[in-house]
Amino acid sequence: MSRAQRLLTLLQVLRRYRFPVAGAVLAQELDISLRTLYRDIGTLKEQGADIEGEAGMGFLLRPGFMLPPLMFGDDEIEALVLGARWVASRADDELGKAARSALDKIAAVLPPELRHELDASALLVPPNGLPVITPMISPQAIRQAIRCEHKAQIYYQDVKETQTARTIWPFALAYFDGVQLLVAWCELREGFRHFRVDRIHELNISPERYPRRRQALLKAWQESQGIDSL
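On a predicted model such as this, the values are computed, not experimentally measured, just so you know.

Enquirer: Residues and numbers for the overall build of the protein, please.
Expert: Within the protein, the regular secondary structure consists of eight helices and seven strands. Taking 2.2 N^0.38 as the reference for a compact globule, 230 residues should give roughly 17 Å; the C-alpha atoms of the protein span a radius of gyration of 22 Å, well beyond that estimate. Principal-axis analysis of the C-alpha atoms places the extent of the protein at approximately 65 × 45 × 30 Å. Taken across its 230 residues, the protein has 36% of its residues classed as buried. Pairs at least 24 residues apart make up 57% of the contacts formed inside the protein by residues separated by at least 6 positions. When the accessible area of the protein is evaluated, it comes to approximately 14,200 Å², of which 54% is carbon and sulfur surface.

Take a look at the structure:
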């Protein structure tokens, strides 16, 4: 492993920890000596990484560090391009613009030979063959409620056209061809429920945070559905 790759791997490992992690643990995971680890952490600090801690105390990477120009493998580049093209084709306009913008930013820091691979990717997303049902509410509002982990009040019409008022804890949004599915904890039903976004007639974000963290809700929902977490 080159030193540049080792530094990148060290950053990725540090990002997994929310609490200080011992240098010995990091060194063992990277299969390097403690002396090399301390030298690599010093290098990352010089490059602007906000790493707190010291030898014997553990290390913690604070959020916000911008990576220098990245190196990607061919499969990684194709995964990025395919994912961005799918989002641009299937998601709402705002997310589509964000996907294209993200690709542009990645392309701007790639070496010329990798930039060519990104531009020449032959993995294509076909046009959506199903009619896209335009929701009555803003997808951005749903994503905002999910990000801030706030409760939301909705008026929902089910498949039998029965309309009910619900207080929900929205924590995930799934995209399918032609339709989006909001995953939430429903206070009315006291359980996880799936709401087609095009059947939500009104959504109001509450100033009240829901009592569980989004990550915990997502994990519990995945376990209830028999879905492996990514």
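Enquirer: Let's hear about unusual backbone geometry: which residues, and what values?
Expert: Despite not being glycine, Asp31 has its phi angle at roughly 60°, a positive value. Counting through the fold element by element, Asp31 comes out in the loop between helix H2 (23-30) and helix H3 (34-46). By relative accessible area, Asp31 is classed as exposed at 70%. Unlike most non-glycine residues, Glu161 shows phi in positive territory, near 65°. On the basis of relative accessible area, Glu161 is assigned to the exposed category, the value being 62%.

Enquirer: Could you give me a rundown of the layout of surface pockets, with the residues and numbers involved?
Expert: As a volume, the largest pocket reaches approximately 350 Å³. Lining the largest pocket are 16 residues; nearest its centre among them are Ala172, Leu173, Leu218, Trp221 and Gln222. Counting residues per element, the lining of the largest pocket draws most heavily on strand S4 (residues 163-176), which supplies five residues. Grouping the amino acids of the lining of the largest pocket by side-chain chemistry returns twelve nonpolar, two polar and two charged.

Calculation rules
Residues numbered from 1 in each chain as written. Predicted model: local features only at pLDDT ≥ 70, side-chain atom pairs only at ≥ 80, totals over all residues. Heavy atoms only, no water. Helix = DSSP H or I, 4+ residues; strand = E, 2+ residues; numbered from the N terminus. Rg over C-alpha atoms; globule rule 2.2 N^0.38 Å. Buried < 20%, exposed > 50% of the residue type's maximum accessible area, 1.4 Å probe, protein only. Contact = heavy atoms within 4.5 Å. Areas by Shrake-Rupley, 256 points an atom, 1.4 Å probe, with all protein chains shown as cover. 1 Å grid on protein atoms, 1.4 Å probe; cavity = no way out; pocket = protein on both sides within 12 Å on 5 of 7 lines; lining within 4 Å. Points joined across faces, edges and corners; volume = space filled by probe spheres on them. Nonpolar A, V, L, I, M, F, W, Y, C, P; charged D, E, K, R; others polar.

Structural measurements only, silent on function.
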